[in-house]
Amino acid sequence: MIIGESGSGKTALIRCMVGLNEIDSGEVLFDDRNFYGLDFTGKKAIRKEIGMLFQGGALFDSKTVEENVVFPLSMFTDLSVSEKRDRANFCLQRVNLVNANNLFPSELSGGMKKRVAIARAIAVQPKYLFCDEPNSGLDPKTSIVIDSLIKEITEEYAITTVVITHDMNSVIEIGDHIMFIYKGSKWWEGGKDEILKSDNEEVQDFVYATKFMKDLRTKL
Amino acid sequence: MIQTSNKLTNYKIDLFIILIFNQIFGQFMKLFFNFGRYFILMKRTFSKPEKVSIYRARVFEEIDILGIGSLGIVAIISVFIGAVITIQSAFNFINPLVPIYAVGCAVRDSMILEFSPAIISLILAGKIGSSIASEIGTMRITEQIDALEIMGINSASYLIQPKIIACVIFSPVLVIFSMFLGIMGGYVFGLLTGVVTNYEYIIGITYNFRPYNVVYALIKAGVFAFIFASVPAYHGYYTKGGSLEVGKSSTKGVVYSSVLILAFDLILTQLLLA
């Protein structure tokens with residue numbers, strides 16, 4: 001998980017990791033393959049192994065829910081129409097979204113959009129899943145549902161998932177390895193339990209920003 | 001005191017010249033930057049498609065949305081312009097040495113040479129161009145283009161190529177449709193208003209007809225279609241910001257494509273007719 005204040009550079013970092021922003025220096029390694037050292041074909045091969053969940057879902061407006069999930073399958077597989085539909089239905093059921101196949105993104109709630117985006121991302125069985133603030137704009141209950149879904153999918157498909165968030169509930173709920181970004185730099189790195197006990201001033205300010213978390217610290 | 005005042009005036013003039021030069025230089029650099037980026041985008045747009053069958057389906061989809069969807073406006077404008085040219089020509093040809101069948105010639109040549117290819121393209125630049133720029137611009141700001149890139153899809157090729165191909169294929173069809181309706185509109189309204197007879201009009205539209213003029217019009221239609229599809233697509237593709245910027249991209253796309261259509265109208269006329 002990558003956490004940090006708004007404007008600290010979390011989204012810029014994830015965009016560099018998936019190749020949407022060019023980097024000035026350094027390397028982005030996917031199983032020892034340097035993404036920025038590869039040619040167009042090499043980059044394309046890695047991108048096919050990446051699934052991404054965008055902040056707003058980034059669903060295609062002109063396509064229905066089912067067409068959105070079928071789309072990557074149509075582009076990169078030779079499956080028949082019925083096989084693609086079966087796979088799409090399986091993915092939609094996996095994210096607990098039923099009877100929504102023929103709806104358009106404009107007819108969906110924020111949580112449903114996120115589910116469809118997750119279904120689309122897992123349709124091609126990616127090796128890496130990147131989530132840019134999956135809980136933004138969602139109520140606390142739906143946030144927990146989306147968090148749990150991301151955790152379940154990560155374990156079920158044995159994929160590497162990178163989640164960007166500033167929601168401490170998510171960190172405690174699904175965090176495994178956490179990185180704290182501050183003013184564009186990596187400031188702290190460690191486990192879920194370590195972050196709660198960290199004596200780093202900036203990390204403490206961020207983690208215990210809410211009254212609820214302050215009370216929790218007092219109890220700890 | 002006077003010397004100091006003169007020095008200050010000279011300093012102000014120098015500063016003014018530098019500012020003007022800087023402004024002009026800046027605009028030129030911006031122009032070159034946009035030209036370069038446009039050609040790089042076009043190179044990406046016309047690279048090999050990921051899956052030909054999907055692209056082919058998208059071309060037909062775009063022909064339906066952009067081409068068939070424009071038939072109505074093209075028909076209305078062409079009929080009325082044909083009628084207006086007929087009445088205006090008849091009104092102006094008062095010299096007894098000019099035969100009345102010249103009205104038919106005027107309608108035919110006005111429609112074929114200029115109105116159908118150029119003016120219809122300008123109208124389509126407004127209708128289709130703004131639609132392309134706003135569609136692609138909205139996809140950019142809502143991260144749909146990023147989603148395509150993440151999947152390993154060449155977003156420029158997937159989004160822009162079918163639109164350009166659809167416009168270049170269908171625009172000549174619209175132009176022929178416009179020529180036919182314009183000449184028919186002139187005929188119907190000419191007869192209804194009594195400014196020209198059936199016989200005179202038919203003689204006029206067939207008199208000294210040059211089939212090459214139609215070829216010239218179709219070449220222009222193809223080139224203009226490429227402009228009014230690609231230029232707004234370029235502005236939409238590089239939209240940054242929010243909904244306000246989508247509107248700005250749409251306006252820029254229409255304005256620049258209209259200016260380019262007029263410039264290429266002049267260039268092609270010189271090259272093909274002179």
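To keep things clear, this report deals only with the structure shown in the data block. (Residues numbered from 1 in each chain as written. Chains lettered and ligands numbered in written order. Predicted model: local features only at pLDDT ≥ 70, side-chain atom pairs only at ≥ 80, totals over all residues.)

What follows covers the overall build of chain A. The helix and strand inventory of chain A stands at ten helices and eight strands. Taking 2.2 N^0.38 as the reference for a compact globule, 220 residues should give roughly 17 Å; the C-alpha atoms of chain A span a radius of gyration of 18 Å, in line with that estimate. Buried residues in chain A amount to 35% of all 220 residues. In chain A, the proportion of contacts linking residues at least 24 apart, taken out of those at least 6 apart, comes to 63%. (Helix = DSSP H or I, 4+ residues; strand = E, 2+ residues; numbered from the N terminus. Rg over C-alpha atoms; globule rule 2.2 N^0.38 Å. Buried ≥ 20, exposed ≤ 12 C-beta atoms within 10 Å, placed from the backbone. Contact = placed C-beta atoms within 7 Å.)

Take the overall build of chain B next. Scanning chain B from terminus to terminus reveals nine helices and zero strands. In chain B, the succession of helices and strands from N to C terminus is α-α-α-α-α-α-α-α-α. On C-alpha atoms alone, chain B measures out to a radius of gyration of 24 Å, which is more than a quarter above the 19 Å that the 2.2 N^0.38 rule sets for 274 residues. Scored against the burial criterion, the 274 residues of chain B give a buried share of 39%. For chain B, contacts bridging at least 24 residues in sequence account for 87% of all contacts bridging at least 6.

Let us now look at the pairing of strand β6 (residues 160-165) of chain A. Residue and element names in this part refer to chain A. As paired strands, strand β1 (residues 2-4) and β6 are joined by two bridges and run parallel to one another. When the sheet's bridge partners are listed, Ile 2 is paired in β6 with Ile 164. In this sheet, β6 lies alongside strand β5 (residues 128-132) in parallel orientation, the contact comprising five bridges. Bridge pairing in β6 links Phe 130 to Val 162. (Pairing = 2+ DSSP bridges.)

Core analysis: the biggest nonpolar cluster contains 109 residues, and Met 52, Val 69 and Ala 119 of chain A together with Cys 167 and Phe 228 of chain B have the highest contact counts within it. Discounting chain neighbours no more than four positions away, the residues touching Phe 228 of chain B are Ser 121, Leu 124, Ala 125, Ile 128, Gly 129, Cys 167, Ser 257 and Ile 261 of chain B. (Core = buried A, V, L, I, M, F, W, Y, C linked by C-beta atoms within 7 Å.)

Residue and element names in this part refer to chain A. Reading across from one edge, β4-β5-β6-β1-β7-β8 is the order of the six strands in this open sheet, with mixed pairing throughout. On the outer flanks of this sheet lie β4 (50-53) and β8 (185-191), each paired with one strand and no other. Strand-to-strand twist in this sheet, taken as the mean axis angle between neighbours without regard to direction, amounts to 20 degrees. In this structure, β1 lies alongside strand β7 (residues 177-182), joined through three bridges in parallel fashion. For Gly 4, the partnering residue across the bridge sits in β7 and is Ile 181. Against the sheet, helix α5 (residues 110-123) engages β4 and β5, with an angle of about 175 degrees to β4. (Axes fitted to C-alpha atoms, helices over the stretch in contact; angles between N-to-C directions.)

What follows is about the pairing of β7 of chain A. Residues and elements named next belong to chain A. As paired strands, β7 and β8 are joined by six bridges and run antiparallel to one another. When the sheet's bridge partners are listed, Ile 181 is paired in β8 with Lys 186. What sits between the antiparallel neighbours β7 and β8 is a turn of two residues, in which Lys 183 has the positive phi angle 50 degrees.

A few words now on the interface of chain B and chain A. Across the contact, 13 residues belong to chain B and 14 residues belong to chain A. The greatest single-element share of the side of chain B that touches chain A, amounting to five residues, is contributed by helix α5 (residues 144-150) of chain B. Partitioned by chemical class, the residues of the side of chain B that touches chain A number five nonpolar, three polar and five charged. (Nonpolar A, V, L, I, M, F, W, Y, C, P; charged D, E, K, R; others polar.)

Right, let's talk about the packing of helix α4 (residues 81-94) of chain A against α5 of chain A for a bit. Residue and element names in this part refer to chain A. Following both chains from N to C, one finds α4 and α5 inclined at 130 degrees, their axes separated by 9 Å at the closest point. If you check the angle between α4 and α5, you find them oblique. Crossing of α4 against α5: the hand is right-handed. The segment α4 lies against α5, with Arg 87, Ala 88, Cys 91, Leu 92 and Arg 94 engaging Ala 119, Ile 122 and Ala 123. (Parallel < 35°, antiparallel > 145°, perpendicular 65-115°, else oblique. Left-handed = near helix turned anticlockwise from the far one by under 90°.)

Moving on: helix α3 (residues 71-92) of chain B. Residues and elements named next belong to chain B. Across its 22 residues, α3 extends 31 Å between first and last C-alpha, which sits within 8% of the 32 Å expected from 1.5 Å per residue. Val 74, Ser 78, Ile 81, Gly 82, Ala 83, Ile 85, Thr 86, Ser 89 and Ala 90 are the residues of α3 that are buried. Lining the buried residues of α3 we find α4 (102-141) and α6 (155-193). (Expected span 1.5 Å × (residues − 1).)

All names here are of chain A. Residue placement: Lys 113 occurs in helix α5. Lys 113 sits 81 residues away from Asp 32 along the chain, and the two C-alpha atoms are 33 Å apart. Apart from the residues within four sequence positions on either side, Lys 113 is in contact with Gly 57, Leu 59, Pro 105 and Leu 108.

A few words now on the packing of helix α3 (residues 65-76) of chain A against α5 of chain A. All names here are of chain A. Taken N-terminus to C-terminus, the directions of α3 and α5 make an angle of 20 degrees; their axes are 8 Å apart at the nearest point. In terms of orientation, α3 and α5 fall into the roughly parallel class. As α3 packs across α5, the resulting crossing turns out to be right-handed. The residues of α5 that touch α3, namely those facing Val 65, Asn 68, Val 69, Pro 72 and Leu 73, are Val 116, Ala 119, Arg 120 and Ala 123. In terms of residue class, the contact of α3 with α5 is built from seven nonpolar, one polar and one charged.

As a further point, take unusual backbone geometry. Residue and element names in this part refer to chain A. Even without being glycine, Asp 32 reaches a positive phi, approximately 70 degrees. Looking at where Asp 32 falls in the secondary structure, it is placed in the loop between β2 (29-30) and β3 (33-34). Given 5 C-beta atoms within a 10 Å radius, Asp 32 is considered exposed.

All names here are of chain A. On the secondary structure map, Val 124 appears in the loop between α5 and β5. The buried category is assigned to Val 124, around which 21 C-beta atoms lie within 10 Å. Taking the C-alpha atoms as reference, Val 124 lies 9.9 Å from Ala 88; in sequence the two are 36 residues apart. Ignoring anything within four residues of it in the chain, the contact list for Val 124 reads Lys 48, Pro 72, Leu 73 and Phe 76.

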